[in-house]
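Okay, here's what each chain looks like letter by letter:
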Amino acid sequence: AAEACFGHRLMMDRIVPGGVTDDVGEGGIKALRALLETVRTSFPGVVEIYDNTASLQDRTVTTGYLSPTLARAFGAGGYVGRASGRAFDARKAVAYAPYDELEFEAPVRDDGDVNARVWIRIREVEQSLKLIDQILERLPKGRLHTDRAKSGGAREGLALVEAFRGDVLVAVRIGEDGLIERCHMRDPSWFQWPLLEVAIEGNIVADFPLCNKSFNCSYSGHDL
């Protein structure tokens, strides 16, 4: 669907300074709507299997507990933070476009275990379906790209956006010569890896993969 919409399966180099490189054609919109329908049809069955299988619940409920106190202390974002009671979502807190005009909820739980993180992600899938529907209904007309004139002097900017793991912060400074002088990128995994270490304490070895993947931290994101 991504390739049909944007010409690249991983959407690399589609968003550029000043706009985007490709429009979403009629074929892309149809592909997206078909994908949405497929997910809406199949996803509830997957959720029902998880919710009604006692052996699965036995492995996830109370496993990998992260307390709300630690989630707040470390500024844990995304499903890790929201599964432990920290109701932060940059799309709402910063309210940047287009989320300032879209209706959605950021689900929150406070039980803080693997099961809670699973349910947060389930609810986020449901919210994502609603968001994509709204975006497809209000795609704007006009140019895809605006040429950015070079501005004299040094410039500096900062952005905070919500990614699927949580809030991502990027700060960039451009010097007098138009080249990047400094750049700081902070991935949400920076705050979450230490919390995983706490969450696995007291669990059996066989439960480590459940704890690890319920956090799903990024190795490269931390290395930034």
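Preceding block: the structure.
The rules behind the values
- The numbers attached to residues start from 1 for each chain and follow its sequence in the written order.
- Residues qualify for local features only when their pLDDT is at least 70, as the model is predicted, and side-chain atom pairs are given and counted only at 80 or more; totals for whole chains, interfaces and linings, by contrast, use all residues.
- The side-chain values count all of the structure's non-hydrogen atoms but skip hydrogen atoms and water molecules.
- Aromatic rings from Phe, Tyr and Trp, with only the six-membered ring used for Trp, were paired whenever their centres fell within 6.5 Å, and each pair was classed as stacked if the ring planes differed by under 30 degrees, edge-to-face if by over 60, and tilted otherwise.
- We call a residue buried when its accessible area falls under 20% of the maximum for its residue type, exposed when it is over 50%, and partly exposed in between, using a 1.4 Å probe and counting protein chains only.
- The secondary structure listing takes helices from DSSP runs of H or I that are at least 4 residues long and strands from runs of E that are at least 2 residues long, numbered from the N terminus.
- Helix axes are fitted to C-alpha atoms over the stretch in contact, other axes to C-alpha atoms as well, and angles between N-to-C directions run from 0 to 180 degrees.
- Reported orientations rely on four angle classes, namely roughly parallel under 35 degrees, roughly antiparallel over 145, roughly perpendicular from 65 to 115, and oblique for the rest.
- For any helix crossing, the convention is left-handed if the near helix is rotated counterclockwise from the far helix by under a right angle, and right-handed if that rotation is clockwise.
- Note on definitions: a residue-residue contact is assigned when non-hydrogen atoms from the two residues lie within 4.5 Å.
- Three residue categories are used. Nonpolar comprises Ala, Val, Leu, Ile, Met, Phe, Trp, Tyr, Cys and Pro, charged comprises Asp, Glu, Lys and Arg, and polar comprises the others, including Gly.
- To obtain the arc, one takes the directions from the helix axis to the C-beta atoms.

**Notes on the packing of aromatic side chains**
The tally for this structure, following the rule as stated, stands at 5 aromatic pairs. Plain terms: the ring middles of Tyr99 and Phe104 are 5.9 Å apart, the flat faces sit at 70° to each other, and that makes the pair edge-to-face. A relative accessible area of 22% places Tyr99 in the partly exposed class. Classification of Phe104 by relative accessible area gives buried; the value is 9%. A centroid spacing of 5.1 Å and a plane angle of 40° characterise the contact between Trp193 and Tyr219, whose relative ring orientation is tilted. One end of the pair, Trp193, is in helix α8 (residues 189-199); the other, Tyr219, is in helix α10 (residues 219-223), and 26 residues separate them in sequence. Through a chain of ring-to-ring contacts, three or more aromatic side chains come together here, namely Tyr96, Tyr99 and Phe104.

**Overview of unusual backbone geometry**
Residues other than glycine predominantly adopt negative phi, and peptide bonds predominantly adopt the trans conformation. The linkage connecting Ala97 with the following residue, Pro98, adopts the cis geometry, with an omega of 0°. Its location among the elements puts Pro98 in the loop between α6 (90-93) and α7 (114-137). Unusually for a residue other than glycine, Asp13 sits at a positive phi of about 60°. Mapped onto the elements, Asp13 comes out in the loop between α1 (2-6) and β1 (15-16). The backbone of Asn216 sits at a positive phi, close to 55°, despite the residue not being glycine. With respect to the secondary-structure elements, Asn216 resides in the loop between α9 (208-215) and α10.

**Focus: the packing of helix α2 (residues 26-51) against α7**
Where α2 meets α7, the axes come as close as 11 Å, and the angle between the chain directions of the two elements is 160°. Between α2 and α7, the interaxial angle falls into the category roughly antiparallel. α2 and α7 meet at a crossing whose hand is left-handed. Of the residues in α7, those touching α2 at Leu32, Arg33, Leu36, Val39, Arg40, Phe43, Val47, Tyr50 and Asp51 are Asn115, Val118, Trp119, Ile122, Val125, Leu129, Lys130, Ile132, Asp133, Leu136 and Glu137. When grouped by side-chain class, the residues that make up the contact of α2 with α7 number 13 nonpolar, 1 polar and 6 charged.

**A few points about the environment of Ile132**
On the secondary structure map, Ile132 appears in helix α7. Along the primary structure Ile132 and Leu36 are separated by 96 residues, whereas in three dimensions their C-alpha atoms are 8.4 Å apart.

**As for α9**
One full turn of an α-helix is made of 3.6 residues, so residues set three or four places apart face in the same direction. Among all positions of α9, only Cys211, Asn212, Ser214 and Phe215 are buried. Down the axis, α9 shows its buried residues gathered within 165° of arc, on one side only. At the C-terminal side of α9, Asn216 shows a positive phi close to 55°.

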